[in-house]
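Now for the letters of each chain:
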Amino acid sequence: MDASCPRLPDTVLFEIFLYLDHADVLSVGLVCQQWRAVARDEFLWKELFYRYYRVSRDVPRHPGAVSWYDEFQRLYDTIPCVEVQALKEHNDQVLHLSFSHSGCLFASCSKDCTVKIWSNELDISLQHSSNMRPYNWSYTQFSQFNSDDSLLLVSGVFVGPHNSSSGEIAVISMENFTLLSRVRNKPYDVFGCWLNETNLISGNLHRIGRITSCSVLWLNNAFQGIESENVNVVKRLFKIQNLNASTIRTVMVADCSRYDSPDLLLDYEEQLAASSTCPVFDLGSDSEEEEAKPKPPLEPAVQELPDARGMPAEHGLQQLFDDIMEGRVRPAMTETELETKVAELFVHSRTKPPEPSLLPTDSNSKTKYLIFTTGCLTYSPHQIGIKRILPHQMTTAGPVLGEERRSDEFFDSLDHVIDIHGHIIGMGLSPDHRYLYVNSRAWPRDCIISDPMQPPPIAEEIDLHVFDLKTMKEVKRALRAHRAYTPNEECFFIFLDVSKDFVASGAEDRHGYIWDRHYNICLAKLQHDNVVNSVAFSPVEQELLLTASDDTTIKVWRSPRAVRIRQARRPRPRKLLFSWLMNQKS
């Protein structure tokens, strides 16, 4: 083949042969002689691109692309799909990976109860390992670097008295790897996250009834062990009631100030959001349009009771009890239904109203969103809750229990709720915090939940939804390729990650997956020997991806282009014959 001919896979050359359809094309050499004309043919590369990658012709070219040939080259040469290293220092399942913002370090959590810090150099090497068993941890499950990479948040499962399991968060200094503080975290799959450089968010859960509870989200100072006793190191952020055995889990923070300068806009399919199968409810809207939206149907076993809106909670409860005693509620309520109805009546008049408008109006706003999984029908997480964090709430200064509340504002309401209609098993933000990607396993269409302790069966296929946090609408169609097999009661989190151009996710089918964010297509499958729990792109080099698996390994993947560049940089050993000749001359 002509040395000047660009490198293309055989499959791509085969497609070129099919498209050219020349009777006299009998060899690759003949195609290469015509290459200069072919490379300039935009129409050919456009047609070839749509055919080879099976992209809908309604999808325009990537906004950063110069030509269709460049796009073809980007998608086959910049995907991190070449395994270059396997890290085997963990001796049990590896559950999570996280990069520092500089990309120089990354952390891994494992069932072996260690958190390991790795140095991301030419060859990745282990820099430090912290064993959390001395603190009664069962395993480590999640980690996150703060914004200046000086601190590492590590979340794990804590074994308490009588073998009860809850969570705990540890803060480790990156300067000398010392443990600075520990914070309880319940339930453990709240995970925890940083709000800013020195403050982190944790959770606590208080049982009110058999299926009713209250989640409290706390703001904690990372330096609790060394701060003065005269300075607050903890403050309550929000207190939210949970119905039907649901709880708040998987908290994360989105920075609204970055929305107006996104890395990649996905709005070419905005019209699909209107027909989305995942409805979005704005709890703070008073518009007629919102009021006109259909309400979700009531549970079939519970008759709709007279509206208690506008009356004190005590009056609504008294009316309910009177109706029950006089037989006006048919059919008869079960104990679970009665508890839920009482909780709904109480929380309605004891909840602080939502913010009037969640959508940011000031591009320079310092407002942040607290995002978490929740629910209203069953214990499996099937909704995404969003709560605005205002600037004055971003510090532990002030009263320990937060702002003074009126007696009728016992709970905080959610500002926004996204209903997924399935079991949520993963969430991740795009680097610009504009888009939220959600892994979910769908429920059957039109299913009815009559018992909150018996959620519907979930699909094996994993749907990857995309939501625009600026408009609070779903964009694009859900991505599919990866699968999971565990039932509801055994379902676990599968972490995903998003780079400027790609999104990646683990799966239970022993593969990691990579999709292109713009074209909505699956580009690569990355093989492991067991479940892939987590993936992580380097924040400064999206052609580097890590995958973590139950097979106890962390695999390092680079793009074909990056592999060629790295190989060119490596010093080549002098050949033995050349060395012998040089020695003979001397």
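Quick note: structure is the one above.
Just so you know, these numbers come straight off a predicted model, no measurement behind them.

Caption draft 1: Main features of the side chain of D415. Relative to the elements of secondary structure, D415 occurs in the loop between β19 (411-412) and β20 (416-419). Assessed through its relative accessible area of 1%, D415 is described here as buried.

Caption draft 2: Focus on the sheet that holds strand β11 (residues 199-207). The four strands lie next to each other as β10-β11-β12-β13, forming an open sheet whose pairing is antiparallel. Strands at the two margins of the open sheet, each flanked by one partner only, are β10 (193-194) and β13 (234-242). Alignment of β11 against strand β12 (residues 213-221), held across nine bridges, turns out to be antiparallel. Paired with G203 across the bridge in β12 is L217.

Caption draft 3: Structural view of the pattern of salt bridges. With the rule as written, the count across this model stands at 18 salt bridges. Salt-bridge contacts for R566 lead to D123; the nearest nitrogen and oxygen are separated by 3.9 Å. With R566 in helix α10 (residues 560-569) and D123 in the loop between β4 (114-119) and β5 (125-131), this residue pair connects regions lying 443 residues apart in the sequence. The exposure class assigned to R566 is buried, which follows from its relative accessible area of 11%. Given the relative accessible area of 41%, D123 is considered partly exposed. Here D468 ties to R434 by a salt bridge, and the two come within 2.6 Å at their closest N and O atoms. Of this pair, D468 sits in strand β23 (residues 463-468) while R434 sits in the loop between β21 (422-429) and β22 (435-442), placing them 34 residues apart in sequence.

Caption draft 4: Representation of the sheet that holds strand β25 (residues 496-498) within the structure. In space, the four strands of this open sheet follow the order β25-β26-β27-β28, with antiparallel pairing throughout. If you trace the sheet from one side to the other, it starts and ends with β25 and β28 (521-527), each paired once. Within the sheet, the average angular offset between the axes of one strand and its neighbour, ignoring direction, is 15 degrees. One ladder, built from three bridges, connects β25 with strand β26 (residues 502-505); its direction is antiparallel. Pairing of L496 across the sheet is with S505, part of β26.

Caption draft 5: Quick peek at the pairing of β11. For β10 and β11, the ladder comprises two bridges, and the chain directions are antiparallel. By the bridge assignment for β11, W194 is matched with L200. The hairpin turn running from β10 into β11, its antiparallel successor, is four residues long. Counting the residues that bridge the hairpin from β11 to β12 gives five residues.

Caption draft 6: Summary view of helix α5 (residues 68-77). Here α5 lies mainly inside the structure; eight of its ten residues are buried. Three or more residues of α5 are buried, namely W68, Y69, E71, F72, R74, L75, Y76 and D77.

Caption draft 7: Spotlight on α10. For α10, every residue scored as buried is listed here: P560, A562, V563 and R566. Each buried residue of α10 sits inside an arc of 160 degrees when the element is viewed along its axis, so together they form one side. The outward face of α10, more than 90 degrees from its buried face, is lined by the exposed residues A568 and R569. Considering only its buried residues, α10 is in contact with α5, β1 (82-87), β30 (541-549) and β31 (554-558).

Calculation notes
- Residues numbered from 1 in each chain as written.
- Predicted model: local features only at pLDDT ≥ 70, side-chain atom pairs only at ≥ 80, totals over all residues.
- Heavy atoms only, no water.
- Helix = DSSP H or I, 4+ residues; strand = E, 2+ residues; numbered from the N terminus.
- Buried < 20%, exposed > 50% of the residue type's maximum accessible area, 1.4 Å probe, protein only.
- Pairing = 2+ DSSP bridges.
- Salt bridge = Lys/Arg side-chain N within 4 Å of Asp/Glu carboxyl O.
- Axes fitted to C-alpha atoms, helices over the stretch in contact; angles between N-to-C directions.
- Arc of directions from axis to C-beta.
- Contact = heavy atoms within 4.5 Å.

The values are spatial; any link to function lies outside them.
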